[in-house]
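# Breakdown of the fold
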Amino acid sequence: MSEKRKQEIQRIKELESINLAREDIRDFVIETKKEVEKDNDLLAEQINVELNKKGIKSIDIVGAIGSGKTALLEKIAEKLSKKYRILVICGDITTRVDADRIEKHNVETIQINTGRECALNAYHIYQVIKNKDLNDYDLIFVENVGNLICPSDFRLGTDKRITVVSITEGEWVIEKHPMLFKMSEVAVINKIDLLERLGTDIEKMIKDAKNFNPNINVILTSAKEGKNIDKLIEALEL
Ligand SMILES: Nc1nc2c(ncn2[C@@H]2O[C@H](COP(=O)(O)OP(=O)(O)OP(=O)(O)O)[C@@H](O)[C@H]2O)c(=O)[nH]1
Ligand SMILES: [Mg+2]
């Protein structure tokens, strides 16, 4: 058997154990996961209290891979960097591509590389704010690792959460990923400049988001053309 094949089998075994395939440790794994989530939520609460005490507004952006989270943050930074002292924390498994893109718009950035983890958690954010002088900032954004699944397990202690999808993912993308829409104040449907070409059913996407969360504010944007960025900023009360 080739080395590559052996590695592939080992990887599948690891994944199986994560998916609780081994009955003898199933309860233990479930309990541990619950404990981790509870600890995360406690820390998230503490982060929120500390940021509020310093008068810092905080927003985290989660969403589908490549849906335009960084492009939206670039546009927001352009518009708000004179009004607020902004820190943007970017999460990706590797590279500081996103942080470098955003930093060009006169805001400070920190890139966190999560390695094999598919989402940021409160511990990542706590490490950052613990090592920063919070008197230097008015507004903190967090861009999470791109995906619509893992970030729903971890609150980050921000005031508001935005979930971003784009019309290139198809009109079923919201219907298939209820959790993040349930826990967000704002849903962004991006890349509307491509609507004529793709013919995506945006009305269905809006309806699905509202079904999951009647209070969610749905904003249609084109980060590429800068369309409705002002509406998004207004929805975030900035
Ligand atoms: N046509 C169009 N393209 C866009 C728009 N917003 C972003 N893009 C493009 O989509 C691609 C991905 O955009 P990013 O901003 O990197 O998306 P992201 O969600 O930050 O991606 P990850 O962080 O990798 O998950 C880039 O090529 C962008 O130029 C938009 O509104 N319209
Ligand atoms: Mg990005």
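Residues numbered from 1 in each chain as written. Chains lettered and ligands numbered in written order. Predicted model: local features only at pLDDT ≥ 70, side-chain atom pairs only at ≥ 80, totals over all residues.

## Some points on the packing of helix α2 (residues 26–53) against helix α5 (residues 122–130)
The condition that has to hold: Only C-alpha atoms enter the line fits that serve as axes; for helices the fit covers just the stretch in contact. Angles between N-to-C directions range over 0 to 180 degrees. Helix numbering and strand numbering both begin at the N terminus, where a helix is a DSSP run of H or I of at least 4 residues and a strand a DSSP run of E of at least 2. It is the rotation of the near helix from the far one that decides the hand of a crossing: anticlockwise by less than a right angle makes it left-handed, clockwise makes it right-handed. The contact criterion used here is simple: two residues whose C-beta atoms, placed from the backbone, lie within 7 Å are in contact. Gly is placed with the polar residues, together with every amino acid not listed as nonpolar (Ala, Val, Leu, Ile, Met, Phe, Trp, Tyr, Cys and Pro) or charged (Asp, Glu, Lys and Arg).
The contact between α2 and α5 brings their axes to 9 Å, and the two run at 35°. The element α2 and its partner α5 pack so that their crossing is left-handed. Contacts between α2 and α5 pair N40, L43, A44, I47 and E50 from the former with A122, Y123, I125, Y126 and I129 from the latter. Of the residues that constitute the contact of α2 with α5, the class distribution is 8 nonpolar, 1 polar and 1 charged.

## Structural notes on the site of ligand 1
Which entries qualify depends on this criterion: Note on definitions: a residue is near a molecule or strand provided its C-beta atom, placed from the backbone, lies within 6 Å of it.
Contacts to ligand 1 come from 17 residues, most closely from G68, T70, A71, G146 and K224. Looking at the shell around ligand 1, the element that brings in the most residues is helix α3 (residues 69–80), giving 3 residues. For the shell around ligand 1, a count of residues per class yields 4 nonpolar, 8 polar and 5 charged.

## Some points on α5
Using the following cut-off: Exposed residues have 12 or fewer other C-beta atoms within 10 Å of their own C-beta, buried residues have 20 or more, and partly exposed residues fall in between, where C-beta atoms are placed from the backbone. Here the arc refers to the directions that run from the helix axis out to each C-beta atom.
Looking only at α5, the buried set comprises A122, H124, I125 and I129. On an axial view of α5, the arc spanned by its buried residues comes to 160°, and they lie on one face. Those residues of α5 hidden inside the fold are in contact with α2, β2 (86–92), β3 (108–113) and β4 (139–143).

## Notes on the environment of K53
Tracing the chain through its elements places K53 in helix α2. Along the backbone, K53 and L134 are 81 residues apart, and their C-alpha atoms lie at a distance of 9.9 Å.

## Concerning α3
Each full turn of the α-helix corresponds to 3.6 residues, which orients residues three or four apart in the same direction. What counts here: In a helix, the anticipated span is given by 1.5 Å times the number of residues less one.
Over its 12 residues, α3 runs 16 Å from end to end, which matches the ideal 16 Å to within 8%, given 1.5 Å per residue. With 10 of 12 residues buried, α3 is to be regarded as a mostly interior element. For α3, the complete set of buried residues consists of K69, T70, A71, L72, L73, E74, K75, I76, A77 and L80.

## A closer look at the nonpolar core
Put simply, the test is: Buried Ala, Val, Leu, Ile, Met, Phe, Trp, Tyr and Cys residues whose C-beta atoms connect them within 7 Å together make up a nonpolar core.
Counting residues in hydrophobic clusters, the biggest one holds 56 residues, and the most contacted among them are I86, V88 and I140. With 6 residues, the single largest contributor to this core is α3. Look past the residues within four positions of I86 in its chain and what remains in contact with it is A77, L80, S81, V107, E108, Y137, L139 and F141.

## Here's the deal with the pairing of β3
Selection criterion: A strand pair is defined by DSSP finding two or more bridges across the two strands. Seen with its strands pointing away from the viewer, a crossover is right-handed when the path leading from the first strand over the helix to the second is clockwise.
Pairing geometry for β2 and β3, over 6 bridges, is parallel. In the sheet register, V88 faces β3, and the bridge partner there is T109. Once the chain exits β2 it traverses helix α4 (residues 97–103) before rejoining the sheet at β3, and the crossover so formed is right-handed.

## Let's talk about the sheet that holds strand β7 (residues 217–220)
If you trace the 7 strands from one edge of the open sheet to the other, you get β3-β2-β4-β1-β5-β6-β7, paired in parallel fashion. Each having just a single partner strand, β3 and β7 make up the two edges of the open sheet. Going from strand to strand, the sheet's axes swing by 20° on average, the running direction of each strand aside. Bridge analysis of strand β1 (residues 57–63) against strand β5 (residues 160–166) gives 5 bridges, and the strand direction is parallel. Its bridge partner being in β5, I59 is matched across the sheet by K160. The sheet contacts of α5 involve β2, β3 and β4, and relative to β2 the element is tilted by about 145°.

## Regarding the environment of F141
In this structure, F141 sits in strand β4. Residues F141 and I86 lie 55 residues apart in sequence; the distance between their C-alpha atoms is 7.6 Å.

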